[in-house]
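What follows is each chain in one-letter form.
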Amino acid sequence: MAEKNNFAMICIAILGLVTVAFGLADILVSAVGDGTGLSILEIPGDMFRGGWGGFIVLFAGLFYLSGCKNVAEVHNASKVAMGSVLIWIMAGTDIFAMITESIPGGEDGPWFNSLSGFLGTYAPPYAPAIFLLPFSLVVVYYILKQERTK
Amino acid sequence: MKILLMGHPNVGKSVFFNRLTGANVIESNYSGTTVDYTCGCMSLDGKEVEVVDVPGTFSLDPKDKAEEVAVAMLEEAKDTKDAYVICVVDSSKLERGLYLAMQIIEEGYSVIIALNMDDVAEDKNIEIDNQKLEQILGVPVVSTIAIENIGISNVISRLKDAKPVDVEDIAVRGAGAA
Amino acid sequence: MKLSPDERWNLIDSIADQVVTYGKYRHTLKDAIGELTVKPMTGIPIAIAVLYGFWSVFGSFAGTLCTDGFFVKLFDGYWLPWLQVVFPGEGSWLYSILIDAGGMTNGEFILSDNCFEAFGVLTSGLFVAIGVVLPAIVIFYLMLTLLEDIGYMPRLAVLIDTVLHRIGLHGYAIVPTILSLGCNVPAVTATRILETRKQRFIMMTLLAIFIPCGAQLGIMEEVIPDLIGYVLLYLVIGYFIFGFILNKIVPGRSPEILIDVPPYQKPMMANVRRKLWMRVSSFFKVAVPFVLLGCVVVNVLYLAGFIQWLGDILAPVFVGWFGVPKETAGPLVAAFLRKDLAVAQLSVIEMTQYQMLSAVVLVSIYFPCVATFAMMLKEGWKELIGSVAVLAVVVFLYGGIIHLIGKLIGVA
């Protein structure tokens, strides 16, 4: 059991560190003012998504880090769960923005988007939160399972 | 016939009310939306019954406007023949809820106690012995989860068992087994 | 027989002992998460994230999808040209009021090519009401209702309690404040959850002056998306500054209330649907008539030359003190009827970004719309007069301060 906990701790700690790094990158990039990209990763540069969003991602990471030690304990588990919720808010709103962008056909186009245009909206690059999303889901699954078996 | 819904703020009284009447009342988590009292109708055995959603109150010693309204409405119901009070109690805070229920019983009303939000009580590992409570108080006690519509019809079917109880008898029964 | 409180508690304790069995108390994950959202250290970042999500979804749905995606196309591409073709009497006063009033420049009648500039009842009026405000209001109330039913709102109230104490309110004042971001009218009603007249007065005044309603937010999002952050910043600062001052000068008490925070729970869809429907429909019963009526009145005033006249009279104040062009007098008069319409009108006046910012902030703090006015009158005429007095002072002072700040940072 202790070994399993250690493994979980290391995983969450790594996730936390990566998340903190992403958050800091967001804030720094938006402070400089230009959005940048690394192949499929896009760091937004505007005040809203980059500045505020970066702040939120940073805090998600801090939540992970502060909760990763002894996740079996409920207060730590709740911190980790909350870190994931923050990631979901970020990723969720990004995905929602993509969806709303993909449906209409543009200013001079037809009512609805063409199929290729529709799919094109979902092509990379993505914001950091979207990359973190799958991992945060796994973490929450783990915590819920742990909560239920207790 | 008239039914008053009473209980603390935020015990799910408004949800309860909606379950009974399906009327247009707003149910919210914050206290205050029910300060304007709402009333609706329910049919029971083919008869129209007035159901009143009384503003949430912690006791019958009013501390603010909403509680004053609640007490005034309870007083009013004294004149109505066949008035019943459904006292909605939060199972996870049984003592506080019973305090209010006891006050209403002392005033001589026919009371039914609905132990609401059972799922939360369960989360906190609280178990309440309904039958024992019913035996001591002498009034019907029903477990409900209003938000999931569990137990509501039970409350209505037990209405006929509600009758005024002398608080001295409760005191005797309550102290007896302790 | 009646018991004394002590006897009653004793009896209840003895009953509870017999019927309640406590298992080993176990802190559930739900409890722990609930605590996190209330403690300031963790709660504030969470609150910021929730507001971020709120705003982002609001912008995506109302702005990108509904208004820009479909309604602009529908109204500018089909509705306006169609009306311009079928409606006779171009240039007549009726035409100006109903369809297109803004085209009579340089002695030549030029048809507007979009619904923002036409200002007719059937063009701008309908466009603003349906194309811009409807989606904004629906998504706003949907999210607010969800947050309420999940149980987040009471926690936000607890979290923000200390801050709001400074301005004579308590945490629950967050409810009218946020409701007000949808529409000031239900928010005025919601001030009843505050105990004393002093608190209600402060709350009503602050929300009438400093909180932009959903209609305005929708229009701002549409017309001046780059400036909206700054507008809100000025309004939030004003909310606290003047709240602080009001708390000092208004007589009366500001007692604390005890709040019971319910557990987090899954929202019930039927409940959400009903609440959303009630809020949206009651909003529209109030809003649509006023938008349309506002169009008529403003157009009539324009045609009668009243607005130009007022603009000339107020020009020294507007230009000298507020630092905005005198054409803004028109929208300010219109703002009394519907603030959202006024922002739309401002958007077509030539001015610098900072002037636009000042003008939009002024419109926002300037008089509450007629509907709010009526609601406040219902709550008490003394309060209303007080609010109006505060408002006059605030508009004058704050308008000047914003101008001054602009001068200091060299953009005005």
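Above this text sits the structure in question.
Right, let's walk through the structure included here. Source: prediction; values computed, not measured.

1. Concerning the overall build of chain C
Move 1: Of the regular secondary structure elements, chain C holds 19 helices and three strands.
Move 2: Of all 412 residues assigned to chain C, the portion counted as buried reaches 57%.
Move 3: Intrachain contacts of chain C at a sequence separation of at least 6 include 75% that bridge at least 24 residues.
Move 4: As presented, chain C carries roughly 17,200 Å² of accessible surface, and 70% of it is formed by carbon and sulfur atoms.

2. Concerning the interface of chain A and chain C
Many structure descriptions define interface size as the accessible area lost when the parts assemble.
Move 1: Contacts between the two partners involve 36 residues from chain A and, on the opposite side, 30 residues from chain C.
Move 2: In total, chain A and chain C occlude about 2,700 Å² of area from one another, counting both sides; carbon and sulfur atoms represent 81% of this.
Move 3: Contact with chain C buries area across many residues of chain A, yet A:Phe48, A:Met82 and A:Trp111 alone supply 22% of it, more than any other trio.
Move 4: Where chain A touches chain C, the interface holds zero salt bridges.

3. Structural notes on the packing of aromatic side chains
Move 1: Counted under the stated rule, the structure contains 20 aromatic pairs over all chains.
Move 2: Judged by centre distance (5.0 Å) and plane angle (55°), the ring pair of A:Phe55 and A:Phe59 falls under tilted. With A:Phe55 and A:Phe59 both in helix H2 (residues 47-67), this residue pair falls four residues apart, about one helical turn.
Move 3: An aromatic cluster of at least three residues, connected via ring pairs, comprises A:Trp111, A:Phe112, C:Phe70 and C:Tyr78.

4. Thoughts on the pairing of strand S4 (residues 83-90) of chain B
Consecutive side chains along a regular strand alternate between the two faces of the sheet.
Residue and element names in this part refer to chain B.
Move 1: Across the eight residues of S4, eight count as buried, placing the element largely inside the fold.
Move 2: Side chains Ala83, Val85, Cys87 and Val89 project from S4 onto one buried face, and the interleaved Tyr84, Ile86, Val88 and Asp90 project onto a second face that is buried too.
Move 3: Two elements, strand S1 (residues 2-7) and S4, share six bridges in a ladder whose sense is parallel. Along S4, the bridge assignment pairs Gly7 with Val88.
Move 4: Summarising the sheet, S4 and strand S5 (residues 110-116) pair through seven bridges and their orientation is parallel. Its bridge partner being in S5, Asp90 is matched across the sheet by Asn116.
Move 5: For the crossover from S4 across helix H3 (residues 94-106) to S5, the handedness is right-handed.

5. Notes on the sheet that holds S4(B)
All names here are of chain B.
Move 1: Taken in spatial order, the six strands make up an open sheet running S2-S3-S1-S4-S5-S7, and their pairing is mixed. Each of the sheet's edge strands pairs with one partner strand only, and the pair in question is strand S2 (38-44) and strand S7 (141-143). When strand polarity is set aside, the average angle formed by the axes of neighbouring strands in this sheet is 25°.
Move 2: Strand direction decides the pairing type here: S2 and strand S3 (residues 47-53), joined by seven bridges, are antiparallel. Looking at the pairing, Thr38 lines up with Asp53 of S3.
Move 3: Lying on the sheet, helix H1 (residues 13-21) is in contact with S1, S2, S3, S4 and S5; it crosses S3 at an angle near 165°.
Move 4: Against the sheet, H3 touches S1, S4 and S5, its axis set at about 165° to S4.

6. Re the packing of helix H17 (residues 353-365) of chain C against helix H19 (residues 381-408) of chain C
Residues and elements named next belong to chain C.
Move 1: It is at 10 Å that the axes of H17 and H19 come closest, and there the two elements cross at 165°. As the angle between them shows, H17 and H19 are arranged roughly antiparallel. Crossing of H17 over H19 shows right-handed handedness. Across the interface between the two elements, Tyr354, Ser358, Val361, Leu362 and Ile365 from H17 touch Leu391, Val394, Val395, Tyr398, Gly399, Ile402, Ile405 and Gly406 from H19.
Move 2: Residues of the contact of H17 with H19, tallied by class, amount to 10 nonpolar, three polar and no charged.

About the criteria used
- As a convention, each chain's residues are numbered from 1 in the sequence order in which they are written.
- Whichever chain is written first becomes A and whichever ligand is written first becomes 1, with later ones labelled in order.
- Residue-level local features of this predicted model are given only where pLDDT is at least 70; pairs of side-chain atoms are given and counted only at 80 or more, and the full residue set underlies all totals for whole chains, interfaces and linings.
- Only hydrogens and water are removed before side-chain values are computed, so all heavy atoms of the structure are retained for them.
- A helix here means a DSSP run of H or I that spans at least four residues, while a strand means a run of E at least two residues long, and both kinds are numbered starting from the N terminus.
- Using a 1.4 Å probe on the protein chains alone, a residue whose accessible area is under 20% of its type maximum counts as buried, one over 50% counts as exposed, and one in between counts as partly exposed.
- Residue contacts follow a heavy-atom distance rule, with two residues in contact if any of their heavy atoms lie within 4.5 Å.
- Values of accessible area rely on a 1.4 Å probe in the Shrake-Rupley scheme; residue burial ignores everything except the protein chains shown.
- By definition, the buried area sums, over both parts, the 1.4 Å-probe accessible area that each loses when the two are put together.
- By convention in these notes, a salt bridge is any Lys or Arg side-chain nitrogen within 4 Å of a carboxyl oxygen on Asp or Glu.
- Ring pairs shown here join Phe, Tyr and Trp side chains whose ring centres sit within 6.5 Å, with only the six-membered ring taken for Trp; geometry is labelled stacked below 30 degrees between planes, edge-to-face above 60, and tilted in between.
- A pair of strands is considered paired only if DSSP assigns at least 2 bridges between the two.
- Crossover handedness is defined by viewing with both strands directed away from the observer: a clockwise path from the first strand over the helix to the second marks the crossover as right-handed.
- Angular values range over 0 to 180 degrees, each being the angle between N-to-C directions of two axes fitted as lines to C-alpha atoms, with helices fitted over their stretch in contact.
- Small angles under 35 degrees read as roughly parallel and large ones over 145 as roughly antiparallel, with 65 to 115 read as roughly perpendicular and the rest as oblique.
- Rotating anticlockwise by less than a right angle from the far helix to the near helix defines a left-handed crossing, while the corresponding clockwise rotation defines a right-handed one.
- Residue polarity follows a fixed list, in which Ala, Val, Leu, Ile, Met, Phe, Trp, Tyr, Cys and Pro are nonpolar, Asp, Glu, Lys and Arg are charged, and the others, Gly among them, are polar.

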